[in-house]
Amino acid sequence: PGAGAPPDHGATVERVDAAGSRLEALMLGLRTTEGIHRDRYEERFGVDLLEEHGQKIRALVDAGLVTPTRGRLRPTRKGIWFADELAVQIAGDEP
């Protein structure tokens, strides 16, 4: 590497499109008891999480897997075990 460049340790850079970035944010947030901070999601992606995916989120709330509280979308005790699947269901194309 040139002067000032970080050393190359064989690392690769993964480019993530907007949909992939949203899915990743959902997965990471739903893996924690804090959940997804809705204001931060809106700042980052320009849309309110509940407005964008309200129907899918309501179905997950009805199933006892997530709960919207205090500006966040949090997984329930049951839902946290299925965080990645919840994220895929929320971000997926199907209604």
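Structure: above.
Below you will find a few notes about this structure. No experiment lies behind these values; they were computed from the predicted model shown. Think of each chain on its own: its residues are numbered from 1, step by step along the sequence as written. Per-residue local features are limited, in this predicted model, to residues with pLDDT of at least 70; the limit for side-chain atom pairs, both in listing and counting, is 80 or more; totals at the level of whole chains, interfaces and linings are taken over all residues. With hydrogens and water set aside, each side-chain value is computed from the structure's full complement of heavy atoms.

Below, the discussion takes up the packing of aromatic side chains. Two measures describe an aromatic ring pair: the distance that separates the ring centres and the angle between the ring planes. Stacked, tilted and edge-to-face are the three classes applied to pairs of Phe, Tyr and Trp rings, where Trp contributes its six-membered ring and a pair requires centres within 6.5 Å; stacked means planes under 30 degrees apart, edge-to-face means over 60, and tilted covers the rest. Scanning all chains against the criterion turns up 1 aromatic pair. With centroids separated by 4.8 Å and ring planes inclined at 55 degrees, the aromatic side chains of Y41 and F45 adopt a geometry described as tilted. Placement of the pair is Y41 and F45 together in helix α2 (residues 38-45), with a separation of 4 residues, close to one helical turn. Using a relative accessible area of 15% as the deciding quantity, one classes F45 as buried. Numbered from the N terminus, helices here are DSSP runs of H or I no shorter than four residues, and strands are runs of E no shorter than two. Working definition: with a 1.4 Å probe on protein chains only, accessible area under 20% of the residue-type maximum means buried, over 50% means exposed, and in between means partly exposed.

Bringing the side chain of K56 into the picture now. Considering the arrangement of structural elements, one finds K56 in helix α3 (residues 49-62). According to the relative accessible area criterion, K56 is buried, its value standing at 16%. Of note is the side chain of K56, whose polar atom sits 2.5 Å from the backbone oxygen of G92. Pairing of N or O atoms within 3.5 Å defines a polar contact, subject to two protein rules: one partner must be a possible hydrogen donor and the other a possible acceptor, and residues neighboring in sequence count only if both atoms are side-chain atoms.

The salt bridge definition used is simple: a Lys or Arg side-chain nitrogen within 4 Å of an Asp or Glu carboxyl oxygen. This model, assessed by the stated rule, comprises 4 salt bridges. As a salt-bridge pair, E52 and R22 come within 2.0 Å of each other at their nearest N and O atoms. Taken as a pair, E52 in helix α3 and R22 in helix α1 (residues 18-30) lie far apart in primary sequence, 30 residues in all. For E52, a relative accessible area of 28% puts it in the partly exposed group. A residue is classified by how much of its surface remains accessible, and R22, at 22% relative accessible area, is partly exposed. Among the salt bridges present, the one from R72 reaches E34, with a minimum N-O distance of 3.8 Å. Placement of R72 in strand β3 (residues 72-75) and of E34 in the loop between α1 and β1 (36-37) is noted, with a sequence separation of 38 residues between them.

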